[in-house]
Amino acid sequence: MSVLLFRRFKDQIVTMSLRGILVGVLILSAGLLGILLLKSAPMISDFPLSKLIFSAAWNPWKGQFGLSAFIVASLGVAIIALIFASPVSLLAALYLSECANRRLRNALRLPIDILAGVPSVVFGLVGVIVIIPSVSILSRLCGRDTTGYSILSGGILLAIMIMPYILSLSLEVLLSLPAEAREAAIALGATRWETVRHVVLKRSVVGLVAAVVLGFARAFGETIAVMMVVGNVAKIPHSAFDPAYPLPALIANNFGELMSIPRFDSALFLAALVLMIIVGIFSLAAQAVLHHIGRI
Amino acid sequence: MRNRKMKDALFYWTMLGSLAFILAVFSVILIVVFSKGFPALRWSLIFQLPKSGYYLGQDGGVANAILGTLYLSSGAVLVSIILALPAAIALQKDYTSPRFAQFTRLILDVLWGTPSIVYGAIGFAIMVYLGIRASLLGGIFALSLVMLPLMIRSMDEVIRIVPEELRETPLALGSTRFEMVRAVLLKQAFPGILTAVLLALGRGIGDAASVLFTAGFTDNLPGSLMDPVASLPLAVFFQIGSPLKEVQQRAYASAMILLFLILVINIVSRILEKRFTRHTIR
């Protein structure tokens, strides 16, 4: 009897500690957001939000902390990345789900996973070696002489980085469709293109959009690689060949000199908060869709 | 009819072309890094600490950064395992209501996608509050924040797919939940858990943004948890920024070492997964 009691007791203890750790992790996550809010609070209370988010005047030495140039730059590189990456990744995912057999799919998992896991500094290095000179040549062809450090280079590099990510997410969405739907269309004599257009895309469009949105969120927050090719000039870019200064690069480049300028540290924490909120909103919406579909 | 077939063929070749393009990009990255890195690779680069004037082209290597990265990421992996495994088990329906579990999974997936520079900034804020300088401890802390959500979620996924019958059998025989978890869930999910750990390790080795201001950078090896520590991604980053050709060459070689580590981890995890999956019941 006492053995049974002891086993029960042990089980109770373990159950409590497991639940405790899970709740602890959740509290920790809430705490992280709280710390960001706390650190950027001086900024938010001293300046109206319009001066912070919608102003492009960034002169920390004069007490001007407008973040809009950085937000626009981040949006710019992320949108360029999406324009390049999403058609290619979606088409490749369609090939793997509609045409390839299981063997090919499994064989390609390794290179795709590895590509997704390549450290961002390595992407940045490849960007400096390959993309920068190419974009420089391209700009000369377009009649503008630039070094190549530009929003376009950042976008192209990000496109490469998020391709495997969008590919594997959308492949999961496509593979979760029941085979009967496709078979019905094929039995009616539809070609592969017609099946994809009228059946596969119609039924999976929400999930595919979610996959693309997650790619966008990933691109928006990417730091080191973008920083190496984007030029880091704090002005709103007017063309794709202009340099820009995305939010993550702002944080990464300036964190060292926190103490010398009043309020500067709080401005950088506000930048981190803005970054976290924008990425958070997009990925929350997309993840909610994917969870609803039952991918997970 | 001919028109429809042509459309189909066009579609087919665009799809195939896209896939080929992605694989070509993958090969170009490998080729560029290895062809630029290999000629600059020396034994001294791997095994020596940077000597004085290293960043001006003098002798030495990046052993400080290689070992530093291994310290940082293995430390963070240890911390994360201790928290992630219990949290992943607690997410199972044996321990939590499905609603709460779904909500937690959603939150963790969002945290997984949070940029690591944000974790770096938060880690730095906490360190300032506690009075800790940029150090191995701070780096491990920030890196654990990055790893934790991805480790919990990937462990959760592999534990969740253990078949219902296998869970119910020991319970029906009178075992407690904990005994069932230990004897069935952990055994069955072991290959997947291993993969999750290696995935997190790979992410930790390659992550630069979170350790940028939390771990610092130094030419020496850390003597204690409170000393600053170098890391390989940052070593690549700082060297590529140099105007000197010799130093840039070393950036290429360091990047090659970094990429090589990631390749090895990926391939090893694939092999281990295959080997251990043989011993699980399907």
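Cut-offs used in this document
- Counting of residues starts from 1 at the beginning of each chain's written sequence and follows it residue by residue.
- As they are written, the chains are lettered A onward and the ligands numbered 1 onward, keeping that order.
- It should be noted that, the model being predicted, local features are given only for residues of pLDDT at least 70 and side-chain atom pairs only at 80 or more, the latter also being counted only at that level, while totals for whole chains, interfaces and linings use all residues.
- Think of the side-chain values as coming from all heavy atoms in the structure, minus any hydrogens and water.
- Aromatic pairs are defined between Phe, Tyr and Trp rings, using the six-membered ring for Trp, whenever the two ring centres lie within 6.5 Å; interplanar angles under 30 degrees are classed as stacked, those over 60 as edge-to-face, and all others as tilted.
- In this description a helix means any DSSP run of H or I spanning at least four residues, a strand means any run of E spanning at least two, and both kinds are numbered starting from the N terminus.
- Exposure is judged per residue with a 1.4 Å probe applied to protein chains only, and the accessible area is read against the type maximum: over 50% gives exposed, under 20% gives buried, and values in between give partly exposed.
- Just so you know, the domain bounds were taken from an automatic or database domain assignment.
- Two residues qualify as a contact provided that any one of their heavy atoms is within 4.5 Å of a heavy atom in the partner residue.
- Summed over both partners, the accessible area (1.4 Å probe) lost when two parts come together is defined as the buried area.
- Note on definitions: salt bridges are taken to be side-chain nitrogens of Lys or Arg within 4 Å of carboxyl oxygens of Asp or Glu.
- Polar contact criterion, stated in full: a pair of N or O atoms within 3.5 Å, where within protein one must be able to donate a hydrogen and the other to accept it, and residues adjacent in sequence count only if both atoms are side-chain atoms.

Draft legend 1. Region of the structure containing the packing of aromatic side chains. The full count for this structure, using the stated rule, is 15 aromatic pairs over all chains. With a centroid separation of 4.9 Å and an interplanar angle of 65°, the aromatic rings of A:F216 and A:F282 are classed as edge-to-face. Placement of A:F216 in helix α8 (residues 192-221) and of A:F282 in helix α11 (residues 264-293) is noted, with a sequence separation of 66 residues between them. Of the residues examined, A:F282 reaches a relative accessible area of 34% and is grouped as partly exposed. Between B:F124 and B:F213, the aromatic rings sit 6.1 Å apart at their centres with planes inclined by 75°, giving edge-to-face as the arrangement. Of this pair, B:F124 sits in helix α5 (residues 116-130) while B:F213 sits in the loop between α8 (177-206) and α9 (232-240), placing them 89 residues apart in sequence.

Draft legend 2. Examining the domain arrangement of chain B more closely. Residue and element names in this part refer to chain B. The domains assigned to chain B are domain 1 (2-39) and domain 2 (41-277). Centre-to-centre, using C-alpha coordinates, domain 1 lies 31 Å away from domain 2. Each partner contributes to the interface: domain 1 provides 7 residues, whereas domain 2 provides 8 residues. Taken over both partners, the interface formed by domain 1 and domain 2 buries close to 750 Å², and the fraction arising from carbon and sulfur atoms is 74%. In this structure, the connection of domain 1 to domain 2 is made through 0 salt bridges.

Draft legend 3. Structural view of the side chain of A:S74. Residues and elements named next belong to chain A. With respect to the helices and strands, the residue S74 is situated in helix α3 (residues 68-99). Overall, S74 belongs to the buried group, its relative accessible area being 1%. Engagement of the side chain of S74 in a polar contact is seen with the backbone nitrogen of L247, the distance being 2.9 Å. Contacts of S74, omitting those with residues within four sequence positions, involve F220, P246, L247 and P248.

Draft legend 4. Layout of the domain arrangement of chain A. Residues and elements named next belong to chain A. Domain annotation of chain A identifies domain 1 (2-44) and domain 2 (53-293). Using only C-alpha atoms to locate each centre, domain 1 and domain 2 end up separated by 33 Å. Buried surface at the junction of domain 1 and domain 2, summed over both partners, amounts to about 890 Å²; 83% is from carbon and sulfur atoms. Of all residues in domain 1, L36, K39 and M43 bury the most surface against domain 2, accounting for 60% of the area lost on that side. Connecting domain 1 to domain 2 are 0 salt bridges. Scanning the region where domain 1 abuts domain 2 turns up 2 residue pairs in polar contact (both at pLDDT 80 or more).

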